[in-house]
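# Report on the structure
Chain by chain, the residues run as shown.
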Amino acid sequence: MALVRTGVVVLDCAEPEKLAAFYKELLDAEETDATANRVEICGASGTRMAFRRDVNATPPSWPRPENSLQAHLDFLVEDLDEAERKVVGLGGRPVDTKEPSGPFEERGYADPAGHSFTLRRVRPTAPKQG
């Protein structure tokens, strides 16, 4: 039997209820646990996250170097434009507008509390025809 049963990504923030609401909508998630200082969710694809109250939480300033990236989340999406509209509609903001280098189409964002995440377009798995 495994010693660790599962993992949960935990983000510190001043208002865990508000940040949980953002990610619940983005990930089509359900709230699985809540206390006065922590809210946990589980997304439709099994992504587990929690948001812990820290009234002194300072959001990272990425991509600016003075308060470098502390953690980074990647989410796979089918349609970058549609996902971006949802992120912005929920209170997130774009932070990386340059063309991506590398094999993936991706865009960088910050959630309402300032945590960084990337939306990365899922590549089709079928081989090219013709």
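This text follows the structure it describes.
All figures in this text were calculated on a predicted structure; none of them were measured in a lab.

The next point concerns the layout of surface pockets. In this structure, the largest pocket encloses a volume near 360 Å³. What lines the largest pocket is a set of 17 residues, among which L26, L27, F75, L76 and V77 lie closest to the centre. If you list the elements that add at least two residues to the lining of the largest pocket, you get α1 (16-27), β5 (73-77) and α2 (80-89). Class assignment of the residues belonging to the lining of the largest pocket gives a composition of eight nonpolar, three polar and six charged.

With that out of the way, let us pick up the sheet that holds strand β3 (residues 38-42). Overall, mixed pairing links the four strands, which are arranged β1-β4-β3-β2 in an open sheet. If you trace the sheet from one side to the other, it starts and ends with β1 (9-13) and β2 (30-34), each paired once. Ignoring which end each strand starts from, the neighbouring axes of this sheet average 25 degrees apart. Relative to strand β4 (residues 48-53), β1 runs parallel, the two sharing five bridges. Looking at β4, one finds that D12 is bridged to R52.

If you look at soluble globular proteins, the nonpolar side chains tend to sit buried side by side. One finds Y23, I41, M49, F51, F75, F117 and L119 to be the most contacted residues of the largest nonpolar core, which totals 22 residues. Looking at this core, the elements that each hand over two or more residues are β1, α1, β3, β4, β5, α2 and β8 (116-121). When residues of this core are assigned to their parent elements, the largest contribution, six residues, is made by α1. Setting aside residues no more than four positions away along its own chain, M49 makes contact with V8, V9, L11, Y23, L27, V39, E40, I41, L73 and F75.

Following the criterion strictly, the structure yields 11 salt bridges and no others. Ionic pairing is found between D12 and R52, a salt bridge with its closest N-O pair at 2.9 Å. A residue pair is termed long-range when its members are at least 10 positions apart, and D12 in strand β1 and R52 in strand β4 qualify at 40 residues. For D12, a relative accessible area of 29% corresponds to the partly exposed category. Beyond isolated ion pairs, a larger network of salt bridges with shared partners links R38, E40 and R48.

Let's shift gears to α2. Taken together, the buried positions of α2 are L80, A83 and V87. Seen end-on, α2 carries its buried residues on one side only, within an arc spanning 65 degrees. Exposed and oriented more than 90 degrees from the buried face of α2 are R85 and G89. Two to three positions downstream of the cap, the backbone nitrogen of D81 sits 3.0 Å from a side-chain oxygen, assigning the N-cap of α2 to D79. One or two residues past the end of α2 sits G91, with phi positive at roughly 110 degrees.

Conventions adopted
- Residues numbered from 1 in each chain as written.
- Predicted model: local features only at pLDDT ≥ 70, side-chain atom pairs only at ≥ 80, totals over all residues.
- Heavy atoms only, no water.
- 1 Å grid on protein atoms, 1.4 Å probe; cavity = no way out; pocket = protein on both sides within 12 Å on 5 of 7 lines; lining within 4 Å.
- Points joined across faces, edges and corners; volume = space filled by probe spheres on them.
- Helix = DSSP H or I, 4+ residues; strand = E, 2+ residues; numbered from the N terminus.
- Nonpolar A, V, L, I, M, F, W, Y, C, P; charged D, E, K, R; others polar.
- Pairing = 2+ DSSP bridges.
- Axes fitted to C-alpha atoms, helices over the stretch in contact; angles between N-to-C directions.
- Core = buried A, V, L, I, M, F, W, Y, C linked by side-chain atoms within 4.5 Å.
- Buried < 20%, exposed > 50% of the residue type's maximum accessible area, 1.4 Å probe, protein only.
- Contact = heavy atoms within 4.5 Å.
- Salt bridge = Lys/Arg side-chain N within 4 Å of Asp/Glu carboxyl O.
- Arc of directions from axis to C-beta.
- Polar contact = N/O pair within 3.5 Å; in protein donor to acceptor, adjacent residues only side chain to side chain.

Interpretation in functional terms is not warranted from these geometric data alone.
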